[in-house]
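Examination of the molecular architecture
In case you want the letters, here they are:
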Amino acid sequence: MPFNFDHPPDRRAVPALKTHRIVLGEDSDRLFAAGVADMDFEVAPPILDALHARLQHGIFGYEAVPDGLIPALTQWLRIRHGWTVDPNHILRAPNALNSLAIAASAFTDPGEGIIVQPPVFFDFFDIIRENHRTVAENPLILRDGRYEIDFAGLDALAANPKNRLLFLCNPHNPVGRVWTRMELMRLGEICLRNGVLVVTDELHGDIIFPGHRFTPFASLGSRHAANSVTILSPAKSFNIAGCCSAFTIVPDTDRRAHFQAENSRLTVNKNNAFANVAMMAAYRDGGAWLDAVIDYLRENLSLVRTRLDEVPDVTLIEPEGTFLLWLDFRALGFDPGALHAFLRGRANWAVTRGISFGAQGAGFARLNIACPRARLDGALDMLERALDNR
Ligand SMILES: Cc1ncc(COP(=O)(O)O)c(C=O)c1O
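Computed from a predicted structure; not experimentally measured. (Residues numbered from 1 in each chain as written. Predicted model: local features only at pLDDT ≥ 70, side-chain atom pairs only at ≥ 80, totals over all residues.)

In this section: the domain arrangement of the protein. If you check the domain split of the protein, you get domain 1 (11–44 + 287–388) and domain 2 (59–285). For domain 1 and domain 2, the distance between their C-alpha centroids amounts to 25 Å. Secondary structure elements with two or more residues in the side of domain 1 that touches domain 2: α11 (287–309) and β12 (324–328). Ranked by residues supplied to the side of domain 1 that touches domain 2, first place goes to α11 with four residues. When its residues are assigned to classes, the side of domain 1 that touches domain 2 shows 15 nonpolar, seven polar and five charged. (Domains from an automatic or database assignment. Helix = DSSP H or I, 4+ residues; strand = E, 2+ residues; numbered from the N terminus. Nonpolar A, V, L, I, M, F, W, Y, C, P; charged D, E, K, R; others polar.)

Given below as structure tokens:
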């Protein structure tokens, strides 16, 4: 089925965060809005149809979880990722960040450490700090243009009994690594040996480029599954972050009870009728659309790669998945403030500052390529002109 990703609706017609003044500032119209991690593509037709049908019903009172939702999710995970999940292990959540926060508060005490591997999704830091836990940083290693886990560093942090939990980003936003089975096994063994619980955020797990394979952490086997909490949702894959909720998968019975008790204490228990309908349609009937999106993203990636090949001072960190590119501007020699001023002021690029992902992101920026190709091409023109006139 053909999909049109070249001419999406105008995001400025609604208060989309990506193009909104609270993210872009007042002079936003001139900017290439490529920061917030959602896509500029209209959603899959089955999702639109399902939402229309639900709207037509005309009553939006309290609702239970539709019978078909959890089977749609488990079937998706089995067929797409070869992971069989017991439906009884799946809990509902309003969004992924909420699950991260509840995991932090349920499984650690105030003051204890949560390990993160920066540069990493900035909300990990906020959640840890706002829950009065301590950030324990195990920075990734950039070796020959590719990020790797520092296993020795992880071992040392995990051995400290104050560090009881790890926030894993799998695949890794912003550096685009799709952790391999071997890497996850090694990480999982270190965590098991040291009694560190793995809380794995797998929101980007569906957007994987050819040649790579997404491994859900809990699919590694029962020992690792028992030591894990998985957080996922179709928000990123199907571009429904504005009308989506999330899932938390907790295989261990005691931990699940503990997580549920925390949910209950915070009364995290309402269902959103539109989220349910959109998610069920996505997982049941959205596969063809998602495959087409991945093809389109590959072409966008190839455009960026080809054009940046001509730009000596900017290096693309080759992504293995996600629609987020990690660009290395360090050769320009700017400090983080000057790089941001250059990108925004000269190139008209509203991208996410590398430094938001941790100190290791200084000199980098994150570019979202889930937009029409012509717009991306125009943005690359603006960058080249800004570099030429530097
Ligand atoms: C890795 C990761 N986790 C979680 C989120 C946010 O998820 P949610 O909107 O469901 O809270 C994002 C959004 O950018 C993300 O990149």
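Below, the discussion takes up the nonpolar core. Residues V199 and A278 are the most contacted members of the largest nonpolar core, which totals 114 residues. In terms of residue count, helix α10 (residues 273–285) provides more of this core than any other element does, eight residues in total. For A278, the contacting residues outside a window of four places in its chain are I47, A50, L51, I240, C243 and C244. (Core = buried A, V, L, I, M, F, W, Y, C linked by C-beta atoms within 7 Å. Buried ≥ 20, exposed ≤ 12 C-beta atoms within 10 Å, placed from the backbone. Contact = placed C-beta atoms within 7 Å.)

The side chains of a regular strand alternate between the sheet's two faces. In terms of residue burial, strand β15 (residues 364–368) counts as a mostly covered element, since five of its five residues are buried. Residues F364, R366 and N368 of β15 are buried on one face, and the alternating residues A365 and L367, pointing to the opposite face, are buried as well. Relative to β15, β12 runs antiparallel, the two being bridged by five bridges. For W326, the partnering residue across the bridge sits in β15 and is R366. Bridge analysis of strand β14 (residues 352–353) against β15 gives two bridges, and the strand direction is antiparallel. Pairing of R353 across the sheet is with A365, part of β15. (Pairing = 2+ DSSP bridges.)

A few words on the sheet that holds β12. Sheets are built from strands paired through backbone hydrogen bonds, the pairs being either parallel or antiparallel. Ordered by their spatial adjacency, four strands build an open sheet running β11-β12-β15-β14, and the pairing between neighbours is antiparallel. Each having just a single partner strand, β11 (315–317) and β14 make up the two edges of the open sheet.

Attention now moves to the site of the ligand. In the region of the ligand, 14 residues are neighbours, and A37, N95, A96, L97 and N173 sit closest. Class assignment for the residues of the shell around the ligand results in nine nonpolar, four polar and one charged. (Near = placed C-beta within 6 Å.)

This part is about unusual backbone geometry. A cis amide bond links P118 to the next residue, P119, at an omega of 5°. Looking at the element boundaries, P119 is found in the loop between β3 (113–116) and α5 (123–130). Cis geometry marks the peptide bond from N173 to P174, where omega comes out at 20°. If you trace the backbone, P174 turns up in the loop between β7 (163–169) and α7 (181–194). The backbone of D144 sits at a positive phi, close to 50°, despite the residue not being glycine.

For the pair α11 and helix α13 (residues 373–388), the least separation of the axes is 10 Å and the interaxial angle reads 15°. Judged by the angle between their axes, α11 and α13 are roughly parallel. As for how α11 packs across α13, the hand of that crossing is right-handed. Along the contact surface, α11 presents E299, N300, L303, V304 and R307, while α13 presents R373, L376, D377 and L380. Of the residues in the contact of α11 with α13, the class split is four nonpolar, one polar and four charged. (Axes fitted to C-alpha atoms, helices over the stretch in contact; angles between N-to-C directions. Parallel < 35°, antiparallel > 145°, perpendicular 65-115°, else oblique. Left-handed = near helix turned anticlockwise from the far one by under 90°.)

This brings us to α7. Taking 1.5 Å of rise per residue, the 14 residues of α7 would be expected to cover 20 Å, and the 20 Å separating its terminal C-alpha atoms lies within 8% of that figure. For α7, the complete set of buried residues consists of L184, L187, G188, I190 and C191. The buried residues of α7 all sit within an arc of 160° when viewed along its axis, so they share a single face. The exposed set on the far side of α7, more than 90 degrees from its buried face, consists of R181, M182 and R193. Elements that come into contact with the buried residues of α7 comprise α6 (151–159), β7, β8 (197–201) and α8 (222–226). (Expected span 1.5 Å × (residues − 1). Arc of directions from axis to C-beta.)

Another aspect to go through is the environment of K236. Along the polypeptide, K236 turns up in the loop between β9 (228–232) and β10 (246–249). What makes K236 buried here is the crowd of 25 C-beta atoms within 10 Å. The residues touching K236, leaving out its near neighbours within four places in the chain, are A37, L203, H204 and I207.

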